[in-house]
Amino acid sequence: RRRELENQSFDATDLYAFVQSILLAARGGDVEAQVAIADALSECGDVETSKHGPKKQTYRELLAQGSAPPRMLDMARQQIARCEQLARAPADEVGTEEDWRRRAALGGHASSMLDLAAMPDSASADEVVAEMHEAIASGDPDVLLGLITSYNFGSNRQQRQDAYDVFISGAVMRLVRCDLG
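Predicted model, so just to flag it, every value in this text is computed and none were measured.

### A few points about helix α2 (residues 15–27)
Part 1 of the reasoning: Here α2 spans 17 Å end to end across 13 residues, near enough to the 18 Å set by a 1.5 Å rise per residue.
Part 2 of the reasoning: Along its length, α2 shows its largest kink, about 40°, at S21.
Part 3 of the reasoning: Residues of α2 that are buried: L15, Y16, F18, V19, I22, L23 and A26.
Part 4 of the reasoning: Remark: G29 follows α2 within two positions and exhibits a positive phi of approximately 105°.

Below, the structure written as structure tokens:
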């Protein structure tokens, strides 16, 4: 399911339409849909704030200036088009990135646990940290492996480093114990 949603998101020319297509499943508890929505909201939030190119400008600044390489200008146009409607959607309609990450984390999604525990000013971080302790204590190999590997493939490694360091040794020891019987 994860790969299917990643492909759909990657291929989407309008992330608002993509989010609308999986919103019901996410509200129904589908953690992969919850993560996909959180990722789309994060991506579209970054359109207005992330800096690109040698002069470190937002996509809109790059387009206004017009002196960036053509490929970068095309990428800026595509990203703005992908995100424009979702970026304007009210939170009460599509939710927030933090809310969807919290739901997925509390549903056992390992990468979301790390993402949320590392989010600055996250109201849910303490709840997720408790969930991570519970996941490690359970000894469930899938969850433990997810906690260990999600750091390596995450999008915001710097923010996740602290959360990861706290849990890696306990998770590794649990995996070793599971593997040894």
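Right, picking up where we left off after that structure.
### Points about the nonpolar core
Part 1 of the reasoning: L15, F18, V19, I37 and L86 are the most contacted members of the largest nonpolar core, which has 28 residues in total.
Part 2 of the reasoning: Mapped by element, the contributors of at least two residues to this core are α2, α3 (31–49), α4 (59–65) and α5 (70–88).
Part 3 of the reasoning: In this view, V19 contacts I37, A40, L86 and V94; residues no more than four positions away in its chain are not counted.

### What about α5?
Part 1 of the reasoning: For α5, with 19 residues, the first-to-last C-alpha span of 27 Å sits near the 27 Å given by 1.5 Å per residue.
Part 2 of the reasoning: Within α5, the axis deviates most sharply at R82, by approximately 35°.
Part 3 of the reasoning: Turning to α5, its buried residues number three or more, namely L73, A76, Q79, I80, R82, C83 and L86.

### Observations regarding the state of the cysteines
Part 1 of the reasoning: This model, assessed by the stated rule, comprises 1 disulfide.
Part 2 of the reasoning: Bridging C44 to C83, the disulfide has an S-S length of 2.4 Å. Given an S-S torsion of about -75°, the disulfide between C44 and C83 has left-handed geometry. Separated by 39 residues along the polypeptide, C44 in helix α3 and C83 in helix α5 bring together distant segments of the chain. Judged on exposure class, the residue C44 and its partner C83 are both buried.

### Observations concerning the packing of aromatic side chains
Part 1 of the reasoning: Summed over all chains, the structure comprises 0 aromatic pairs.
Part 2 of the reasoning: A cation sits over an aromatic face here: R103 above W100, 4.3 Å from the ring centre.

### Observations concerning the pattern of salt bridges
Part 1 of the reasoning: Using the criterion set out here, one finds 11 salt bridges in the structure.
Part 2 of the reasoning: Between D39 and R101 there is a salt bridge whose closest N-O contact spans 2.7 Å. Note that D39 is positioned in helix α3 and R101 in helix α7 (residues 97–106), a separation of 62 residues in sequence.
Part 3 of the reasoning: We classify R101 as buried; its relative accessible area is 5%.
Part 4 of the reasoning: The partner of D99 in a salt bridge is R103, with the nearest N and O atoms 3.3 Å apart. Of this pair, D99 and R103 are both found in helix α7, 4 residues apart, which corresponds to roughly one turn of the helix.
Part 5 of the reasoning: Here R103 falls in the partly exposed class, since its relative accessible area comes to 31%.

About the thresholds
- Residues numbered from 1 in each chain as written.
- Predicted model: local features only at pLDDT ≥ 70, side-chain atom pairs only at ≥ 80, totals over all residues.
- Heavy atoms only, no water.
- Helix = DSSP H or I, 4+ residues; strand = E, 2+ residues; numbered from the N terminus.
- Expected span 1.5 Å × (residues − 1).
- Bend = angle between axes of the 7 residues up to and from the residue.
- Buried < 20%, exposed > 50% of the residue type's maximum accessible area, 1.4 Å probe, protein only.
- Core = buried A, V, L, I, M, F, W, Y, C linked by side-chain atoms within 4.5 Å.
- Contact = heavy atoms within 4.5 Å.
- Disulfide = S-S within 2.5 Å.
- Phe/Tyr/Trp six-rings, centres within 6.5 Å; stacked < 30°, edge-to-face > 60°.
- Lys NZ or Arg CZ within 6 Å of the ring centre and 35° of its normal.
- Salt bridge = Lys/Arg side-chain N within 4 Å of Asp/Glu carboxyl O.

Shape descriptors only; they carry no functional weight alone.
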